[in-house]
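Next come the chains, spelled out residue by residue.
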Amino acid sequence: MSAPSIITVAITGSLPRKKDNAAVPITPAEQVESTHEAFEAGAALVHVHVRNDDESPTSAPERFAQVLEGIRRHCPGMIVQVSTGGRSGTGRERGEMLSLRPDMASLATGSVNFPNRVYENSPELIEWLAGEMRRYGVKPEVEAFDLSMIFKAVALHQAGLIEGPLHVQFVMGVKNAMPIDREVFDTYVKTLHRLAPDATWTGAGIGAGQLTLARWSLEAGGHCRTGLEDNVRLDRDTLAPSNAALVKQLVALCGEYGRRPATPAEARALLKLPATAARS
Ligand code: ZN
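If you're wondering where the values come from, they're calculated on a predicted model, not measured in any experiment.

A.B. asks: Would you explain the overall build of the protein in this entry?
C.D. replies: Along the backbone of the protein there are 8 helices and 12 strands. Over its C-alpha trace the protein gives a radius of gyration of 17 Å, about what one expects of a compact globule, namely 19 Å for 280 residues. Principal-axis analysis of the C-alpha atoms places the extent of the protein at approximately 45 × 40 × 40 Å. Sequence separation of 24 or more characterises 70% of the internal contacts of the protein that already satisfy a separation of 6 or more. About 12,100 Å² of surface is accessible on the protein, with carbon and sulfur atoms providing 53% of the total. When the 30 positive and 32 negative side-chain charges of the protein are each reduced to one mean point, those points stand 2 Å apart.

Take a look at the structure:
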């Protein structure tokens, strides 16, 4: 039996629509449709940012509510993870959507440089976001941009601020942050296993090396992530026509490593999430 790997699809990033790829879904309706296609292709978890490129009066929490409702209706069982990161506002605005009780939310456990700014996560904000996630029964996905963030996540768990088992995403390839590097990746896997043996993890490769990190993750027993947030190309020359096309690429890759895409029910069991989405 091949071991299931959870495929995350990051449908929409926080940066303005890439000029060369109009496939990035922006409106809540586009986001639900793109998620549904990715779900049908094999993604069990969707990572969502909302955007206000059209400057409509709809607030970010309202947009999150629309997307959440649409995904729950059209993609039964799919795990919905909201981003509390880039451009979800500043400070505590970044956690305003947690009261909608999505299944999961991203939680960066430290600060790091991004391509054009500092991704600022003060200890106070991290603890506040973790507390809000606990309050609303939202499982954090720890975003580890370097090794210290893995240690911080374990410390938060040991202090009772994050419920276990931990789920950590190793993010590599963001310009000015940690590049996609094999020795560092192996150290991440080894360190997480040493500090939190029951933790699960995902490798998220950003940019041109995305598939490299997906391969390493599948080989090492982890979960993997794709989507137009991370990379708008299928290969060096071809623009990805959709999030679903990127998911299909990972589904095919699973077979090369004796893995198969986890169903939503399997993904929930692996992440110790309730069998069905909680209702707000
Ligand atoms: Zn994101």
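A.B. asks: Sorry, what's going on with the state of the cysteines here?
C.D. replies: Between two cysteines, a covalent bond joining their sulfur atoms is known as a disulfide. If you walk through the whole model with that rule in mind, you get 0 disulfides. The structure places no disulfide on C75, whose sulfur is separated from the nearest cysteine sulfur, that of C224, by 18 Å. Left unpaired, C254 is separated from the closest cysteine sulfur, that of C224, by 5.1 Å. C254 sits in the buried class, given a relative accessible area of 0%.

A.B. asks: Any chance you could explain the nonpolar core here in plain terms?
C.D. replies: For soluble globular proteins, nonpolar side chains are generally found buried alongside one another. Formed by 70 residues in total, the largest nonpolar core has its most connected members in I71, L98, F145 and F170. No other element matches helix 3 (residues 123–135), which puts 6 residues into this core. The contacts of F170, once residues within four sequence positions are left out, are A144, I150, F185, Y188, V189, L192, W201, T202, G203, A204 and L213. Counting residues in each nonpolar core, the second largest holds 9 residues, with I6, M104, A262 and L271 among its members.

A.B. asks: Quick question: what am I supposed to make of the coordination of the zinc ion here?
C.D. replies: Each donor-metal-donor angle would ideally measure 109.5 degrees in four-coordinate tetrahedral geometry, or 90 or 180 degrees in six-coordinate octahedral geometry. Only H47 (NE2), H49 (NE2), E229 (OE) and E229 (OE) from the protein reach the zinc ion as donors, at distances of 2.0 to 2.7 Å. Taken together, the 4 donor atoms coordinating the zinc ion span angles of 52 to 133° at the metal, a pattern that classifies the geometry as irregular. When the donor residues of the zinc ion are listed from N- to C-terminus, their spacing reads H-x1-H-x179-E. One end of the pair, H47, is in strand 3 (residues 45–48); the other, E229, is in the loop between strand 11 (223–226) and helix 7 (243–256), and 182 residues separate them in sequence.

A.B. asks: Looking at this model, I keep getting lost on helix 2 (residues 60–74). Mind explaining?
C.D. replies: Each α-helix turn comprises 3.6 residues. Residues three or four places apart therefore point the same way. Compared with the 21 Å implied by 1.5 Å per residue over 15 residues, the 21 Å span of helix 2 between its first and last C-alpha is a close match. Of the surrounding secondary structure, the elements contacted by the buried residues of helix 2 are helix 1 (28–41), strand 3 and strand 4 (79–82).

A.B. asks: Help me understand the sheet that holds strand 11, please; the structure alone is not making it clear to me.
C.D. replies: Across a sheet, paired strands are connected by hydrogen bonds in the backbone, their directions being either parallel or antiparallel. Pairing within the closed barrel is parallel, and its 8 strands lie in the order 2-3-4-5-8-9-10-11. Here the average twist between neighbouring strands, direction ignored, is 25°. Sheet topology note: the strand 9 (residues 167–172)/strand 10 (residues 200–205) ladder contains 6 bridges and is parallel. From the neighbouring strand, Q169 faces strand 10, where its bridge partner is T202. Its contacts with the sheet put helix 4 (residues 147–158) on strand 8 (139–144) and strand 9, and the angle it makes with strand 8 is roughly 155°. Here helix 6 (residues 210–219) sits on the sheet and contacts strand 9, strand 10 and strand 11; the angle it forms with strand 10, its principal contact strand, is near 160°.

A.B. asks: Looking at this model, I keep getting lost on the pairing of strand 2 (residues 7–10). Mind explaining?
C.D. replies: Side chains of strand 2 alternate between two faces, with I7 and V9 and T8 and A10 buried alike. Relative to strand 11, strand 2 runs parallel, the two sharing 3 bridges. Looking at strand 11, one finds that I7 is bridged to C224. Where strand 2 lies against strand 3, 3 bridges are found, and the strand directions are parallel. The partner of A10 across the bridge, within strand 3, is H47.

A.B. asks: Just to check I follow, could you spell out the environment of A208 for this structure?
C.D. replies: Tracing the chain through its elements places A208 in the loop between strand 10 and helix 6. Spatially, the C-alpha atoms of A208 and L234 are 9.4 Å apart, while their sequence positions differ by 26 residues.

Basis of the calculations
- Residues numbered from 1 in each chain as written.
- Predicted model: local features only at pLDDT ≥ 70, side-chain atom pairs only at ≥ 80, totals over all residues.
- Heavy atoms only, no water.
- Helix = DSSP H or I, 4+ residues; strand = E, 2+ residues; numbered from the N terminus.
- Rg over C-alpha atoms; globule rule 2.2 N^0.38 Å.
- Contact = heavy atoms within 4.5 Å.
- Areas by Shrake-Rupley, 256 points an atom, 1.4 Å probe, with all protein chains shown as cover.
- Lys, Arg positive; Asp, Glu negative; His and termini not counted.
- Charge placed at Lys NZ, Arg CZ, Asp CG, Glu CD.
- Disulfide = S-S within 2.5 Å.
- Buried < 20%, exposed > 50% of the residue type's maximum accessible area, 1.4 Å probe, protein only.
- Core = buried A, V, L, I, M, F, W, Y, C linked by side-chain atoms within 4.5 Å.
- Donors = N, O, S within 2.8 Å, 3.2 Å for Na, K, Ca; no water.
- Tetrahedral: all angles 85-135°; square planar, octahedral: opposite > 155°, others 65-115°.
- Expected span 1.5 Å × (residues − 1).
- Pairing = 2+ DSSP bridges.
- Axes fitted to C-alpha atoms, helices over the stretch in contact; angles between N-to-C directions.

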